[in-house]
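Residues per chain are reported as follows:
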Amino acid sequence: MVHGIIARCGAPGCEAEIPLPVNTMQNTRGADAEVEWRFIARKLGAKGWHVGRSRTAHRCPRCLNAAKFSSIRKAEAMQNGNAMNDKLKVEKDNMRVMTREDRRIIFEKLNEVYLNDKVGYGDGWTDEKLAVDLGVPRAWVKLIRDENFGDEVGNENIREQIKEARELMSQVKAIEPRVSEAQRLLAVADKIEKSPAEIAKVFK
Ligand SMILES: [Zn+2]
């Protein structure tokens, strides 16, 4: 029986150590060793220590916090990096100068997929989709389209949709009385089915 252990911080250059008065058995193996390790890890954990599975894996509270802090910093740096990349892309797009060749390519594609200023784009095309398709900034597509073609969504397109919606509404209104009648008849049928005694009342 040994009376107590001393845990040493395994961080390079750290001299921190902590004694723990505990009766440990010498040369424990298997399940006993596991129980003992858990007991020590819990006791020292309560004092802010991290007890690892190997001699160098233990950490004093100060080194543990430093490690946590540095992993938080790493995550933050990564996030900032991503944000920077997005910003960089936008800035690069803004800095790109539209060449005559760019104009020609965008114009030709618009000519192909933009129907007219009443309908706008055909086949589900949008400024965004066209920009991605050609690999050019969306602002360029908008510029060329505004200058030479018309609005992104044609007025005709919207008007057509409103017209369709109105027609659908009037169709629904037209069949509404029949639906009510059908519902009334269904209720009657239900009554008949449930109770033969009701039949007389219903057909009176
Ligand atoms: Zn330490």
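Rules used in this analysis
- Residues numbered from 1 in each chain as written.
- Predicted model: local features only at pLDDT ≥ 70, side-chain atom pairs only at ≥ 80, totals over all residues.
- Heavy atoms only, no water.
- Helix = DSSP H or I, 4+ residues; strand = E, 2+ residues; numbered from the N terminus.
- Rg over C-alpha atoms; globule rule 2.2 N^0.38 Å.
- Buried < 20%, exposed > 50% of the residue type's maximum accessible area, 1.4 Å probe, protein only.
- Contact = heavy atoms within 4.5 Å.
- Areas by Shrake-Rupley, 256 points an atom, 1.4 Å probe, with all protein chains shown as cover.
- Lys, Arg positive; Asp, Glu negative; His and termini not counted.
- Charge placed at Lys NZ, Arg CZ, Asp CG, Glu CD.
- Donors = N, O, S within 2.8 Å, 3.2 Å for Na, K, Ca; no water.
- Tetrahedral: all angles 85-135°; square planar, octahedral: opposite > 155°, others 65-115°.
- 1 Å grid on protein atoms, 1.4 Å probe; cavity = no way out; pocket = protein on both sides within 12 Å on 5 of 7 lines; lining within 4 Å.
- Points joined across faces, edges and corners; volume = space filled by probe spheres on them.
- Salt bridge = Lys/Arg side-chain N within 4 Å of Asp/Glu carboxyl O.
- Arc of directions from axis to C-beta.
- Axes fitted to C-alpha atoms, helices over the stretch in contact; angles between N-to-C directions.
- Left-handed = near helix turned anticlockwise from the far one by under 90°.
- Nonpolar A, V, L, I, M, F, W, Y, C, P; charged D, E, K, R; others polar.

Our focus in this paragraph is the overall build of the protein chain. For the protein chain, the count of helices and strands is seven helices and four strands. Ordered by position from the N terminus, the helices and strands of the protein chain form the series β-β-α-α-α-β-β-α-α-α-α. Taking 204 residues into account, the globule formula puts the C-alpha radius of gyration at 17 Å, and the protein chain, at 39 Å, lies well above it. Taken along the three principal axes of its C-alpha coordinates, the protein chain extends 95 × 85 × 25 Å. Split into buried and exposed, the 204 residues of the protein chain put 22% on the buried side. Put simply, 50% of the contacts in the protein chain that link residues at least 6 apart link residues at least 24 apart. Carbon and sulfur atoms provide 56% of the accessible area of the protein chain, an area that totals close to 15,800 Å². Of the side chains in the protein chain, 36 bear a positive and 31 a negative charge, and the two mean positions are spaced by 10 Å.

Once that is clear, we can look at the coordination of the zinc ion. Bound to the zinc ion are the protein donor atoms C9 (SG), C14 (SG), C60 (SG) and C63 (SG), situated 2.2 to 2.3 Å from the metal. Relative to the metal, the four donor atoms surrounding the zinc ion lie at angles of 103 to 115 degrees, and the coordination shape comes out tetrahedral. Mapped onto the sequence, the donors of the zinc ion take the spacing C-x4-C-x45-C-x2-C. Residue C60 shares its accessibility class with C63, and that shared class is buried.

Positionally, D127 belongs in helix α4 (residues 127-134). Apart from the residues lying within four places of it in its own chain, the contact partners of D127 are Y121, R138, V141, K142, R145 and E152.

Moving on, we get to the layout of surface pockets. Looking at the largest pocket, its volume works out to about 560 Å³. In terms of lining residues, the largest pocket is bounded by 17 residues, among which I5, W37, I40, R55 and H58 are the most central. At the level of secondary structure, the elements contributing two or more residues to the lining of the largest pocket comprise β1 (2-8) and α1 (30-45). The biggest single contributor to the lining of the largest pocket is α1, with five residues.

Per the stated rule, a full pass over the model turns up 13 salt bridges. Salt-bridge contacts for R8 lead to E17; the nearest nitrogen and oxygen are separated by 3.0 Å. Relative accessible area serves as the criterion here: at 45%, R8 is assigned to the partly exposed category. With relative accessibility at 44%, the residue E17 sits in the partly exposed group. Between K142 and D146 there is a salt bridge; the shortest N-O distance is 2.8 Å. With K142 and D146 both in helix α5 (residues 138-148), this residue pair falls four residues apart, about one helical turn. On the accessibility criterion, K142 (44% relative accessible area) is partly exposed. Classification of D146 as partly exposed rests on a relative accessible area of 40%. Linked through salt bridges whose partners overlap, the residues forming this network are D127, K142, R145 and D146.

Before going further, it helps to examine unusual backbone geometry. The phi dihedral of D123 falls on the positive side, at around 55 degrees, and the residue is not glycine. In this structure, D123 sits in the loop between β4 (120-121) and α4. Classification of D123 as exposed rests on a relative accessible area of 75%.

The next thing to look at is α5. Restricting attention to buried positions, one finds in α5 the residues W140, V141, I144 and R145. Buried residues of α5 fall within an arc of 125 degrees about the axis and therefore sit on the same side. Where α5 is buried, its residues meet α3 (100-113), β3 (114-116), β4 and α4.

The description of two helices packed together rests on the angle between their axes and the distance between the axes. For the pair α3 and α5, interaxial distance at closest approach is 10 Å and the crossing angle is 65 degrees. Our pair here, α3 against α5, has a crossing hand that is right-handed. Counted together, D102, R103, I106, F107 and L110 of α3 and W140, V141, L143, I144, R145, E147 and N148 of α5 form the full contact between these two elements. For the contact of α3 with α5, the class distribution of residues is seven nonpolar, one polar and four charged.

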